[in-house]
Amino acid sequence: MANKTETQKDIDTRIKVQANMQKMNEFHSQTYDYVKDQLEFASGDQWQNVVRAEREKTGRPTVVLNLTKSYVNRVVNPLRMNPMGIRVSTDNPELTDLVTGVIHQVEAQSRAAEAYETAYETAVTGGLGWIKLGTDYEDDESLEQKVTIDIVRNPMSVWIDPYSQRVDGSDAMYGACISYIPSDEALKEYGEEATGDGLGGVDIFEHWTVPADSTADLTYYEIETEEVDRFWYEDGSTSDVEVTGDLPVKASRKIEKKQVRAIRYVGNKKVEETIIPIPYIPLIPVYGDHLYLDNYSDVHLAGLVHWLKDSQRMVNYYGSNELELASLAPKAPWIVAEGQIEGYEDIWATANTQAVSALPYKPDTISGQAVPPPQRADNQAQTGGLMASRQKAQEDMGREIGIFDNMMGQVTAANETGKAALLRANQGELPTAHYLQNLQQSIAQAGRVMLHLLAWVGDTPRQVGVRDEKGNKVLVEMTLKEVLTPKFLQHAEVNVTSGPAYESRRRESINAILQIAQVMPDKMG
């Protein structure tokens, strides 16, 4: 049974978790609502509820011509064709290849490409995506752990320190992942404490909206700092405990040593608590655009949908009205002179609903001039105007985000050269390059977190998978902690390889080589 000190410490922790959850909720809730709205819009929910209900009530069409999704795919699909990966740079080429190979093996095992693509797609669409790192056992027969890169399909399930300023979230001091399970399952598996008020009457979710008949499954991360003395010795080594002996101390100073405390709560029951010796929260945001508008004072993130929404709705309005007029064309009223259909009213009454071989009418004259036969009212002028307006709205969508039809694959001329097509395609990447840059920085941060996690779980000798640039895997006997030393973790540079930008440069290089071959074929033998 827990003693009083341990119980009070747990209560204090719960109070702190509750306070930080409230801060994140107050700061992010409206932003997350807007992110959700953008994701739903890109998925086809593009009519405002009031307008849709009004049109459906009167039987009017609500067409969705989802061009927004095409623009999102234009930005995201180059990453799918040219996935990114993490690479470590050191002054030792062999060590660089070894550690990079270990990271590539983690990425391959975790299907990291899918995690990166999912985070990028939700960031491009709604302004926010996440890369989540964790650990798990190698298999059911092993006590050894491995590092994992987890897919976060719902960006609203991850929350981070509202005071974080860096684009990769590396300065965040706390964060959380939250999901929900049925309350009856929580009660059955975790007991009444999971569905009760919590230890000391502290309800962690007092300021949180938990769905009805559900219980929150929360993993909370917080960085803890400890001030320690660090000593530097004449041979260049360091330690956090002064070593007595022949090696003189060159200098010393106080530093902040960081570690992450991870606590899992199911409802108000603490299920698990772990100290992870890493200096970063293992939740890495992938951001889209940041908004700085007075009327969006509580909304901080947006993706392509934010800029396309109004023009997309115009396209839908025009398309719906075109369809409405087209559907009414066979029902357009007949223009007839008085008395022309006298005696044939029953036949003409069904002229818009039934196919008849002939429509009889009585010829008539006015002042000796023959009156034209009955004819339908023509609505072609109206549909023509709607089509022109819809086309204009579609062009506006491209202008708003800098991606035009010719950058979406439309051929501009039959005699267009390959070089011209390449340059045109590359131009489509420039207006949205900031999304890719944000992703690169976030993946690099994921690499830094991964290195620290590998050093933590790799504290015993084992067979470690190493994957080279061609995807070939070999097993190497090593203790990762001895390779990923504190000095290595401090000085290693983490960057990103491949990706759409790399592929564009590669294509340009190939094109340049081909041009040289045409001019100087004798030099290319």
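Right above here is the structure, for reference.
Since the structure is predicted, the reported quantities are computational estimates derived from the model, not experimental observations. (Residues numbered from 1 in each chain as written. Predicted model: local features only at pLDDT ≥ 70, side-chain atom pairs only at ≥ 80, totals over all residues. Heavy atoms only, no water.)

Q: Looking at this structure, how should I read empty space enclosed by the protein?
A: The probe, sized like a water molecule, is rolled over the atoms to show the empty space still left. Taken as a whole and assessed by the stated rule, the structure comprises two cavities of 30 Å³ or more. Lining the largest cavity we find Gln46, Trp47, Gln48, Arg313, Asn316 and Tyr317. A class-by-class count of the residues in the lining of the largest cavity yields two nonpolar, three polar and one charged. Approximately 30 Å³ is the volume attributed to the second largest cavity. Lining the second largest cavity are Leu98, Val99, Val102, Leu454, Met478, Leu480, Val483 and Leu484. Of all elements in the fold, only helix H4 (93–110) and helix H13 (480–483) reach the threshold of two or more residues within the lining of the second largest cavity. Of the residues in the lining of the second largest cavity, the class split is eight nonpolar, no polar and no charged. (1 Å grid on protein atoms, 1.4 Å probe; cavity = no way out; pocket = protein on both sides within 12 Å on 5 of 7 lines; lining within 4 Å. Points joined across faces, edges and corners; volume = space filled by probe spheres on them. Nonpolar A, V, L, I, M, F, W, Y, C, P; charged D, E, K, R; others polar. Helix = DSSP H or I, 4+ residues; strand = E, 2+ residues; numbered from the N terminus.)

Q: Explain the packing of aromatic side chains to me, please; I cannot follow it from the model alone.
A: The way to describe two aromatic rings as a pair is by their centre distance and the angle between their planes. A full pass over the atoms with the stated rule returns three aromatic pairs. Considering the side-chain rings of Tyr32 and Trp159, the 4.3 Å spacing of their centres and the 35 degrees angle between planes classify their relative orientation as tilted. Separated by 127 residues along the polypeptide, Tyr32 in helix H1 (residues 4–42) and Trp159 in strand E4 (residues 158–160) bring together distant segments of the chain. On the basis of relative accessibility, which here comes to 8%, the residue Trp159 falls in the buried class. Consider the rings of Trp47 and Tyr317, whose centres lie 4.8 Å apart with planes at 65 degrees: the pair is edge-to-face. Within this pair, whereas Trp47 is found in the loop between H1 and helix H2 (49–57), its partner Tyr317 is found in helix H8 (residues 304–328), the two being separated by 270 residues in sequence. Residue class for Tyr317 comes out partly exposed when judged on its relative accessible area of 30%. Members of the aromatic cluster, joined through ring pairs, are Tyr32, Trp159 and Trp208. Over the face of the ring belonging to Phe41 we find Lys309, whose NZ or CZ atom lies 5.6 Å from the ring centre. (Phe/Tyr/Trp six-rings, centres within 6.5 Å; stacked < 30°, edge-to-face > 60°. Buried < 20%, exposed > 50% of the residue type's maximum accessible area, 1.4 Å probe, protein only. Lys NZ or Arg CZ within 6 Å of the ring centre and 35° of its normal.)

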